[in-house]
Amino acid sequence: MTVRANSPRARYREQTRTEIKEAAVRQLAAGGIEGVALLRIAKEIGLSGPALYRYFASRDDLLAELVLDAYEGAAAAVHAVDTEDGGRAALHALTGAYREWAVAQPHLYLLIQGTPVAGFTAPTETVLKARSVLGPFLSVFAQGRPLVRVDPLVAQLRTWLREKPEVAAWVEQWTGQSGTAADVALTGAVMTWPQMHGTVSLEITGQFTGMGHDPATMLDIQTAILADTFQLP
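Computed from a predicted model, the values in this text were never measured in an experiment.

Should the charged atoms of two oppositely charged side chains come close, the side chains can pair. Counting across every chain of the model gives nine salt bridges. A salt bridge links Arg 17 to Glu 65; the shortest N-O distance between them is 2.1 Å. Highlighted residues: Arg 17 in helix H1 (residues 8-31) and Glu 65 in helix H4 (residues 59-79), separated in sequence by 48 residues. On the basis of relative accessibility, which here comes to 13%, the residue Arg 17 falls in the buried class. Via salt bridges that share partners, Arg 17, Lys 21, Glu 65 and Asp 69 belong to a single interconnected network.

The next subject is H1. For H1, with 24 residues, the first-to-last C-alpha span of 34 Å sits near the 34 Å given by 1.5 Å per residue. Of the residues making up H1, those classed as buried are Ala 10, Thr 16, Arg 17, Ile 20, Lys 21, Ala 23, Ala 24, Gln 27 and Leu 28. Where H1 is buried, its residues touch helix H2 (38-45), helix H3 (49-52), H4 and helix H6 (106-113). Among the residues trailing H1, Gly 32 stands out with phi positive, at a value near 75°.

One finds Ile 41, Leu 62 and Val 171 to be the most contacted residues of the largest nonpolar core, which totals 66 residues. Among the elements that take part in this core, H4 stands out by supplying 10 residues, more than any other.

The full count for this structure, using the stated rule, is four aromatic pairs. Where Tyr 98 meets Tyr 109, the ring centres are 6.3 Å apart and the plane angle is 75°; that geometry is what we call edge-to-face. With Tyr 98 in helix H5 (residues 87-104) and Tyr 109 in helix H6, this residue pair connects regions lying 11 residues apart in the sequence. A residue is classified by how much of its surface remains accessible, and Tyr 98, at 1% relative accessible area, is buried. Look at Tyr 98 and Trp 193: their rings are 5.9 Å apart centre to centre, the planes differ by 55°, and that puts the pair in the tilted class. Within this pair, whereas Tyr 98 is found in helix H5, its partner Trp 193 is found in helix H10 (residues 180-204), the two being separated by 95 residues in sequence.

Bringing the packing of H1 against H6 into the picture now. Between H1 and H6, whose axes approach to 9 Å, the crossing angle comes to 90°. On the basis of their axis angle, the class for H1 and H6 is roughly perpendicular. For the pair formed by H1 and H6, the contact residues are Val 25, Leu 28 and Ala 29 on the first element and His 107, Leu 108 and Leu 111 on the second. In terms of residue class, the contact of H1 with H6 is made up of five nonpolar, one polar and no charged.

Taken N-terminus to C-terminus, the directions of helix H9 (residues 165-175) and H10 make an angle of 95°; their axes are 10 Å apart at the nearest point. Classed by the angle they form, the pair H9 and H10 counts as roughly perpendicular. Across from Val 167, Trp 170, Val 171 and Thr 175 in H9, the residues of H10 making contact are Ala 182, Ala 185 and Leu 186. Residues that form the contact of H9 with H10 fall into these classes: six nonpolar, one polar and no charged.

Time to look at unusual backbone geometry. Positive phi is not limited to glycine here, since Gln 231 has a value of about 50°. Along the chain, Gln 231 turns up in the segment after helix H11 (215-229). Gln 231 gets classed as partly exposed once you look at its relative accessible area, which sits at 31%.

Cut-off values and rules
- Residues numbered from 1 in each chain as written.
- Predicted model: local features only at pLDDT ≥ 70, side-chain atom pairs only at ≥ 80, totals over all residues.
- Heavy atoms only, no water.
- Salt bridge = Lys/Arg side-chain N within 4 Å of Asp/Glu carboxyl O.
- Helix = DSSP H or I, 4+ residues; strand = E, 2+ residues; numbered from the N terminus.
- Buried < 20%, exposed > 50% of the residue type's maximum accessible area, 1.4 Å probe, protein only.
- Expected span 1.5 Å × (residues − 1).
- Contact = heavy atoms within 4.5 Å.
- Core = buried A, V, L, I, M, F, W, Y, C linked by side-chain atoms within 4.5 Å.
- Phe/Tyr/Trp six-rings, centres within 6.5 Å; stacked < 30°, edge-to-face > 60°.
- Axes fitted to C-alpha atoms, helices over the stretch in contact; angles between N-to-C directions.
- Parallel < 35°, antiparallel > 145°, perpendicular 65-115°, else oblique.
- Nonpolar A, V, L, I, M, F, W, Y, C, P; charged D, E, K, R; others polar.

In structure tokens, the structure reads:
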């Protein structure tokens, strides 16, 4: 029998799924991915083991939803940034917002950007969720004029855009641009991603401890270098 989306049964099912995910996130925060155990979750929220499997078929099934939720959280953080005026101020605000999200919940950051889980395959929707996080960066770099030294990378990404219509559509969705502006926007966003994650990952894993500097300052400097490279206003 089909359960109506707004029926009490459907609402109870969704509430239980939410409780399961919340318990999983608590376990993730306490012990990392290895600490997420379905039977312990079931005990915590008052379900039997077999009952919990009616909501999530396996731990990987549960992890897949947590991955999607984490990307949605990261996307919400950067989408909340006002980028209407564009330029380097917007870029600084975006990288700062992403860092703040990661530092506030490092367990979720490491779930999506840490060491891959052996045998776990992320859901196909992950690509779209990751693109949603990166989208606002595209709009900032669309107004850029990259220095000559970036030309080889721009050329490579231009080829990628021409070969992947879905990527071109994504860039145009965020920038309203095609052609050279789209090439530049994608290049800037792609360059920002590893620079930002390099700093954030090291901070999250405690690698900056005792080095005598503030990771936020380092990220600001890296962001300024990117802004200069693309001559953002």
